[in-house]
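Letter by letter, the chains look like this.
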Amino acid sequence: MKKFIKKLLRENLFEDRELGKPLSSTLTTPYITIYRAAPITANEFYDKDYVTLSKKFAIEHAENNHVYHEEPFHVIQALVSTTNVFDASNPSEYFYSGPI
């Protein structure tokens, strides 16, 4: 039940996130590694998650979130198709939208 509620919350919170251009339109490589700071209990990427291509940026974000939320965070990573990574309005951040 808890997992179902979290899924509904995620869908409602992120439904307004508009995807920019896919990285596949600017990169010639078909795959890229993405990173995300996540609570220690999270081990996967979700649709329209903010992600970064910089491991350093993700580590700094995890450290800041650890202090702010007073719970442990870590960095997760995945090798994904550039067709599933889209520009976001924030510098150094992108949206992931693909298989979960």
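Look a little higher up for the structure.
Residues numbered from 1 in each chain as written. Predicted model: local features only at pLDDT ≥ 70, side-chain atom pairs only at ≥ 80, totals over all residues. Heavy atoms only, no water.

1. What to know about the nonpolar core
We count it as follows: Among the buried residues, those of types Ala, Val, Leu, Ile, Met, Phe, Trp, Tyr and Cys that are joined through side-chain atoms within 4.5 Å form a nonpolar core. Only protein chains enter the accessibility calculation, which uses a 1.4 Å probe. A residue is then buried if its area is under 20% of the maximum for its type, exposed if over 50%, and partly exposed in between. Going along the chain from the N terminus, every DSSP run of H or I of four or more residues is numbered as a helix, and every run of E of two or more is numbered as a strand. We call two residues in contact when some of their heavy atoms are within 4.5 Å.
Core analysis: the largest hydrophobic core is formed by 12 residues, namely Leu23, Ile32, Ile34, Ala38, Ala42, Phe45, Val51, Ile76, Val80, Val85, Tyr94 and Tyr96. Taken together, the elements giving at least two residues each to this core come down to β1 (31-39), β3 (73-81) and β5 (94-96). Apart from residues lying up to four places away in sequence, valine 80 is in contact with Pro30, Tyr31, Ile32, Ile34, Val85 and Tyr96.

2. Quick look at helix α2 (residues 55-69)
The cut-off we apply is this: Working rule for helices: expected span equals 1.5 Å times residues minus one.
Compared with the 21 Å implied by 1.5 Å per residue over 15 residues, the 21 Å span of α2 between its first and last C-alpha is a close match. In this structure, the buried side of α2 is in contact with β1 and β3. Just downstream of α2 lies glutamate 70, where phi reads positive at about 55°.

3. Quick look at the environment of aspartate 49
One can find aspartate 49 in strand β2 (residues 49-51). Taking C-alpha positions, aspartate 49 is 9.3 Å from arginine 17, a pair spaced 32 residues apart along the chain.

4. What about the pattern of salt bridges?
Keep this limit in mind: Salt bridges, as used here, are contacts in which a Lys or Arg side-chain nitrogen is within 4 Å of a carboxyl oxygen on Asp or Glu.
The full count for this structure, using the stated rule, is two salt bridges. Note that arginine 36 and aspartate 49 form a salt bridge whose closest N and O atoms lie 3.2 Å from each other. Residue arginine 36 is found in strand β1, and its partner aspartate 49 is found in strand β2; the two are separated by 13 residues along the sequence. Across the pair, exposure class does not vary: arginine 36 and aspartate 49 are buried alike. The shortest N-O distance in the salt bridge between lysine 56 and glutamate 60 comes to 3.9 Å. With lysine 56 and glutamate 60 both in helix α2 and four residues apart, the pair spans about one turn of that helix. Here glutamate 60 falls in the partly exposed class, since its relative accessible area comes to 36%.

5. Observations regarding the side chain of threonine 82
For threonine 82, the location among the structural elements is in the loop between β3 and β4 (85-87). Among the residues examined, threonine 82 registers a relative accessible area of 3% and is labelled buried. Other than its neighbours up to four places away in sequence, threonine 82 contacts Pro22, Leu23, Ser24, Leu27, Thr29, Pro30, Tyr31 and Ile32.

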